[in-house]
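A closer look at the structure
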Amino acid sequence: MPDQKETKPGEPILRVAVPRPFRQSFDYLPPDAANLTEFRPGCRIKVPFGRQHLTGFLLEKTRSSRVSRDQLKPVSALVDPRPLFRPELFELLRWSADYYHHPIGEVLAAAVPTPLRQGKPLYEEVTFWSATDEPCTLSGRSRRQRILLDFIIEAGSITRVELSEAGFSQALLRQLVDRGLVRKRTEPAPASPPFIPRKPNSRDRPKLNEEQSAAVTKFRAAGGFRSALVNGVTGSGKTEVYMRMMEDELAAGRQCLVLVPEIGLTPQTIDRFRQRFALPLAAFHSGLNDNERLQAWRQAAEGSAAILIGTRSAVFTPMARPGLIVVDEEHDTSFKQQDGFRYSARDLAVMRAQKENIGVVLGSATPSLESFQNAVAGRFLLLELPHRAGDSKPSRLRPLDIANEHLPGGLSELALRKIEQHLEADNQVLVFINRRGFAPILHCLLCGWMAQCENCSAYLTVHAQPACQRCHHCDSSHSVPHRCPVCRQNELSTSGFGTQQIESFLQGEFPATPVLRIDRDSTRGKNKFRKLLVEVDQGKPSILIGTQMLAKGHHFPGITLAVIVNADSGLFSPDFRGQEQMAQVITQVAGRAGRGIGRPGEVLVQTRHGDHDTLRKIISSSYSEFAHHMLAERRATGMPPFSHLCLVRAEAGDREAALSFLRRARRGIETLVHEQKVQLTGPLPAPMEKRQSRYRMHLLLRSRNRSGLHTVLDSLVPQLDKLSAPGNLRWQVDVDPMDLL
Ligand code: ADP
Ligand code: ZN
Ligand code: ZN
């Protein structure tokens, strides 16, 4: 066939990752007369794919393909003149696709802002006009044209915006173009120059205490790649320590990337960095539109922004001159993506620092046991800040046994008296309860019926204002029945407490005091959360009722009392991390109290299991002691960090289909699992077996040895791809899972 493209053997083949859920890459030929040196790994490439055109990434140039050359199609276009990622970051992305067993094309697509994913250029094209070499033939009657021409010659070139700013019309410019005196040209907008280092603002820069200076010195002493864990109690000045470590890098013109958990924390932290450094800062948060996100990304990539701050996905932000990565509140589970590409931004931050040969600092008052163990084992520098910085004293924790108490509003007599005292002393009170709504259960006092969601293995939560029953897992909403649907009697009652019930109870007890509820329901809508925080910041005596949202990193100097309504939920959780997470919440909530100068904090922990060993450790000793205790337990049971997990999930409308899928998956790896000493559990129904009308099954792989686990996964994942299953069955492989429910 004469029009078939002839390919010389040995001519390069372009291996491309397309943004589709395929685990393999696809091979293409270079376009005719292409300059192959321009085709570099990390550049975007437009390729024909089926009947579509996709924007993918060039992975590598190679000389051999599994597909015969005459079957290969040429790529349509090269999008980027230069790779979008420096080699270190590109390598990290490829590594993480392997490690998390996720399609490389989707990983790369997830790492760039939407406009780039869609194939838009990194820099928008800008049109310039400049003078040609034509001899000027303007007569005296064209005085305005003459002035504009001189203006253009003086400026070298001008854009449309500059033209109108200087007061010239488009028409006048067109006359010069028509005469051949001025020429139009289109080019990508130029990159902004690198940021100019400057000294930090030293006005409110405190003198470091001994522990802080020791931490900074220890980190400085080493160069290149090193990872450190700042294990510092709440208010110990961790942020101050990060800022000193950043100073060194910023002064040398290198960029710092700061990762923070999902919500709330960002505005306060951003303001602090802005004030201290007065350097260009790019923030990546959920409020940005596509263009703002692209702009921030560009500033990071070109090095014009010095400080890059963002949540989970910001770990992939390119840096022209990387200096340091900080992961604040490193224990926070929001660093692990829970759907699609299930990466841990915290773990990738460490891997990235290693590839970039720079430092990485993780910090928390309640480090994850994984990071704690890394520090104990010497893989991370352990930087300890066991005391609060400045003048504030640590809060005192006290268990409040409520086993035999009748609690009308969820709070014991003693707790109420304490709240009253603290309010009378002009202070603020925080009441923590990790359940939103009015009550978690509606039941019949006569026959024991409980209101359940028909789509999920879950009870319906009763909400007030407007009264309804809602499922927190599928968001379905129902009216509250007047009588029991089973025995038809009128004896329905709620049990347990949610934020709304505590709110109305406390408002009744303290009618003159503002009661502010902060949970996902009360903060829905733009800026509502910020507004509530501003109100708290005014420091007037008030009661704050909040869920986990409130426990994260906020600094409210007015709070002197924190009450934890129920500390027991984590004690008997089916998740092996239940106790760890409970300890983190209690410690973090306690850390909100007593942050003001001269205002010591008090923390009451209501429990029905005051003699539970774990709870006693959390309340009566430090989080570090608790962590050591938990690590011993994890070691004994062979759970992470002393083993590595991978959870294979299958879910389908049909229970048996999901189960059978995982049974067949299991059979395919049984021998290999044995050889690699990987332990298999399941398939078993997930603790929450049904969700959104779909049945969920788990197959858990566990191994002391990471490479053995990945050998098994390398074989398992392609098998899963090939297993036949009903069209509505979905499966996922979750490496280092955080959510086992
Ligand atoms: P963390 O991040 O550990 O919660 P921060 O860095 O926010 O702690 O510090 C808590 C408070 O203590 C802040 O108000 C901070 O300005 C102050 N602080 C930190 N370090 C010092 C210091 N060395 N001297 C005085 N105040 C300090
Ligand atoms: Zn009944
Ligand atoms: Zn539901």
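Every chain's residues receive numbers from 1 upward, in the order its sequence appears when written. Labels follow written order: the first chain is A, the first ligand is 1, and so on. Per-residue local features of the predicted model are confined to residues with pLDDT of at least 70, and side-chain atom pairs are confined, for both listing and counting, to 80 or more; whole-chain, interface and lining totals are unaffected and use all residues. Only hydrogens and water are set aside; all other atoms, that is, all heavy atoms of the structure, feed into the side-chain values.

**Regarding the domain arrangement of the chain**
The figure often quoted for interface size is the accessible area lost as the parts come together. Domain segmentation is taken from an automatic or database assignment of domains. Domain boundaries in the chain define domain 1 (13–117), domain 2 (125–188), domain 3 (202–385), domain 4 (396–439 + 496–635) and domain 5 (644–735). Domain 2 and domain 5 are separated by 67 Å when their C-alpha centres are compared.

**As for the packing of helix α20 (residues 655–675) against helix α21 (residues 706–722)**
Their axes nearest at 10 Å, the elements α20 and α21 cross at an angle of 145°. The element α20 and its partner α21 pack so that their crossing is right-handed. Each of Phe 661, Ala 665, Gly 668, Ile 669, Leu 672 and Val 673 in α20 lies in contact with α21, whose residues at this interface are Thr 711, Val 712, Ser 715, Leu 716, Gln 719 and Leu 720. Residues that form the contact of α20 with α21 fall into these classes: 8 nonpolar, 4 polar and no charged. Note on geometry: axes are lines fitted to C-alpha atoms, helical ones only across the stretch in contact, with angles between N-to-C directions running from 0 to 180 degrees. Where helices and strands are cited, they refer to DSSP runs of H or I of at least four residues and of E of at least two residues respectively, numbered from the N terminus. For a crossing to be left-handed, the near helix must be turned anticlockwise from the far one by less than a right angle; the clockwise case is right-handed. By definition, residues are in contact when any of their heavy atoms lie within 4.5 Å. All residues other than Ala, Val, Leu, Ile, Met, Phe, Trp, Tyr, Cys, Pro, Asp, Glu, Lys and Arg, Gly among them, are scored as polar; the first ten of these are nonpolar and the last four charged.

**A look at the packing of helix α7 (residues 210–221) against helix α8 (residues 238–251)**
Put simply, α7 and α8 touch, their axes get as near as 10 Å, and they point 35° apart. With respect to the hand of their crossing, α7 and α8 are arranged in right-handed fashion. For the pair α7 and α8, the contacting residues are Gln 212, Ala 215, Val 216, Phe 219 and Arg 220 in the first and Glu 240, Val 241, Arg 244, Met 245 and Asp 248 in the second. Grouping the amino acids of the contact of α7 with α8 by side-chain chemistry returns 5 nonpolar, 1 polar and 4 charged.

**Notes on the coordination of the zinc ion (ligand 2)**
Summarising the metal site, the zinc ion (ligand 2) is bound by the protein donors Cys 444 (SG), Cys 447 (SG), Cys 484 (SG) and Cys 487 (SG), whose distances to it range over 2.2 to 2.4 Å. Here the term donor refers to an N, O or S atom within 2.8 Å of the metal (or 3.2 Å for Na, K and Ca), and because water is left out of the atoms, sites may appear incomplete. Geometry is assigned from the angles between donors: four donors with all angles from 85 to 135 degrees make a tetrahedral site, four or six donors whose opposite pairs exceed 155 degrees while the rest stay between 65 and 115 make square planar or octahedral sites respectively, and everything else is labelled irregular. Between the 4 donor atoms coordinating the zinc ion (ligand 2), the angles at the centre fall across 103 to 118°, so the site counts as tetrahedral. Along the chain, the residues donating to the zinc ion (ligand 2) fall in the pattern C-x2-C-x36-C-x2-C. Accessibility expressed as a relative area gives 2% for Cys 444, which makes it buried. The class of Cys 447 is partly exposed, set by a relative accessible area of 38%. Only protein chains enter the calculation, and the probe is 1.4 Å; a residue is then buried if its accessible area is under 20% of its type maximum, exposed if over 50%, and partly exposed in between.

**Quick notes on the pattern of salt bridges**
One side-chain nitrogen of Lys or Arg within 4 Å of one carboxyl oxygen of Asp or Glu is enough to make a salt bridge. Counted under the stated rule, the structure contains 35 salt bridges. Between Arg 185 and Glu 187 there is a salt bridge whose closest N-O contact spans 2.7 Å. A residue is classified by how much of its surface remains accessible, and Arg 185, at 30% relative accessible area, is partly exposed. Residue classification places Glu 187 among the partly exposed positions, given a relative accessible area of 33%.

**Re the packing of aromatic side chains**
Stacked, tilted and edge-to-face pairs are distinguished by plane angle, under 30 degrees for stacked and over 60 for edge-to-face with tilted covering the rest, among Phe, Tyr and Trp rings (Trp via its six-membered ring) whose centres lie within 6.5 Å. For the structure shown, the criterion picks out 15 aromatic pairs. Geometrically, the ring pair formed by Trp 95 and Tyr 99 is stacked, given 4.9 Å between the ring centres and 10° between the ring planes. Taken together, the residues Trp 95 and Tyr 99, both in helix α1 (residues 87–99) and 4 residues apart, mark about one turn of the helix. A relative accessible area of 27% places Trp 95 in the partly exposed class. Judged by its relative accessible area of 9%, Tyr 99 falls in the buried class. Relative to Tyr 343, the ring of Phe 341 has its centre 4.8 Å away and its plane inclined at 45°; by these criteria the two rings are tilted. We note that Phe 341, like Tyr 343, is buried.

**Structural notes on the sheet that holds strand β20 (residues 468–470)**
Think of it this way: DSSP has to see at least two bridges between two strands before they count as a pair. The sheet built from 3 strands is open, its strands ordered β19-β20-β21 with antiparallel pairing. Here the strands that pair on one side only, and so sit at the sheet edges, are β19 (461–463) and β21 (477–478). Sheet analysis places β19 next to β20, joined by 3 bridges and oriented antiparallel. By the bridge assignment, Thr 461 is partnered in β20 with Arg 470.

**Observations concerning the coordination of the zinc ion (ligand 3)**
Distances from the zinc ion (ligand 3) to its protein donors, Cys 453 (SG), Cys 456 (SG), Cys 471 (SG) and Cys 474 (SG), fall at 2.2 to 2.3 Å. Coordination at the zinc ion (ligand 3) comes from 4 donor atoms whose angles at the metal span 103 to 114°, giving a geometry best classed as tetrahedral. Positions of the donor residues of the zinc ion (ligand 3), expressed as sequence spacing, correspond to C-x2-C-x14-C-x2-C.

**A word on the sheet that holds strand β4 (residues 52–62)**
A sheet is described by the order of its strands in space; here 5 strands give the open sequence β2-β1-β4-β3-β5, paired in antiparallel fashion. Pairing within the sheet leaves two strands with one partner each, and these edge strands are β2 (26–28) and β5 (77–78). Of the strand pairs in this sheet, strand β3 (residues 44–49) and β4 are connected by 6 bridges, and their pairing is antiparallel. Within the sheet, the bridge partner assigned to Phe 49 lies in β4 and is Gln 52.

**A closer look at helix α11 (residues 345–356)**
The end-to-end C-alpha distance of α11, which contains 12 residues, comes to 16 Å, matching closely the 16 Å that a straight helix rising 1.5 Å per residue would cover. For α11, the tally of buried residues reaches 9 of 12 residues, placing the bulk of the element in the interior. Listed as buried for α11 are Ala 345, Arg 346, Leu 348, Ala 349, Val 350, Met 351, Arg 352, Ala 353 and Glu 356. Where α11 terminates, the next one or two residues include Asn 357, which has phi positive at roughly 55°. One fewer than the residue count of a helix, multiplied by 1.5 Å, yields its expected span.

**Description of the site of ligand 1**
Put simply, a residue is near a molecule or strand once any heavy atom of it comes within 4 Å of that molecule or strand. Near ligand 1 lie 16 residues; those nearest to it are Lys 207, Gln 212, Lys 238, Thr 239 and Arg 272. Between ligand 1 and Ser 236, the relevant distance is 3.2 Å, taken from an oxygen atom to a main-chain nitrogen or oxygen of the residue. Arg 272 places a polar side-chain atom, nitrogen or oxygen, 2.8 Å from an oxygen atom of ligand 1. Residue exposure ignores everything except the shown protein chains as possible cover, and the areas themselves are Shrake-Rupley values with a 1.4 Å probe. Alone, ligand 1 offers 550 Å² of accessible surface; in the complex the protein occludes 74% of this. No other element matches α8, which puts 3 residues into the shell around ligand 1. When its residues are assigned to classes, the shell around ligand 1 shows 4 nonpolar, 7 polar and 5 charged. Two N or O atoms form a polar contact when they lie within 3.5 Å of each other; inside protein one atom must be a possible hydrogen donor and the other a possible acceptor, and for residues adjacent in sequence the pair counts only when both atoms belong to side chains.

**Observations concerning the nonpolar core**
Only buried residues count toward a nonpolar core. Its members are Ala, Val, Leu, Ile, Met, Phe, Trp, Tyr and Cys residues joined through side-chain atoms within 4.5 Å. By size, the foremost hydrophobic cluster in this structure holds 77 residues, and its most contacted members are Phe 85, Leu 108, Leu 259, Phe 316 and Leu 701. With 8 residues, the single largest contributor to this core is α20. Residues contacting Phe 316, with those up to four places away along its chain left out, are Leu 89, Leu 92, Leu 93, Ala 111, Phe 341, Tyr 343, Leu 348 and Arg 352. By size, the runner-up hydrophobic cluster in this structure holds 38 residues, among which are Phe 432, Leu 532, Ile 564 and Phe 626.

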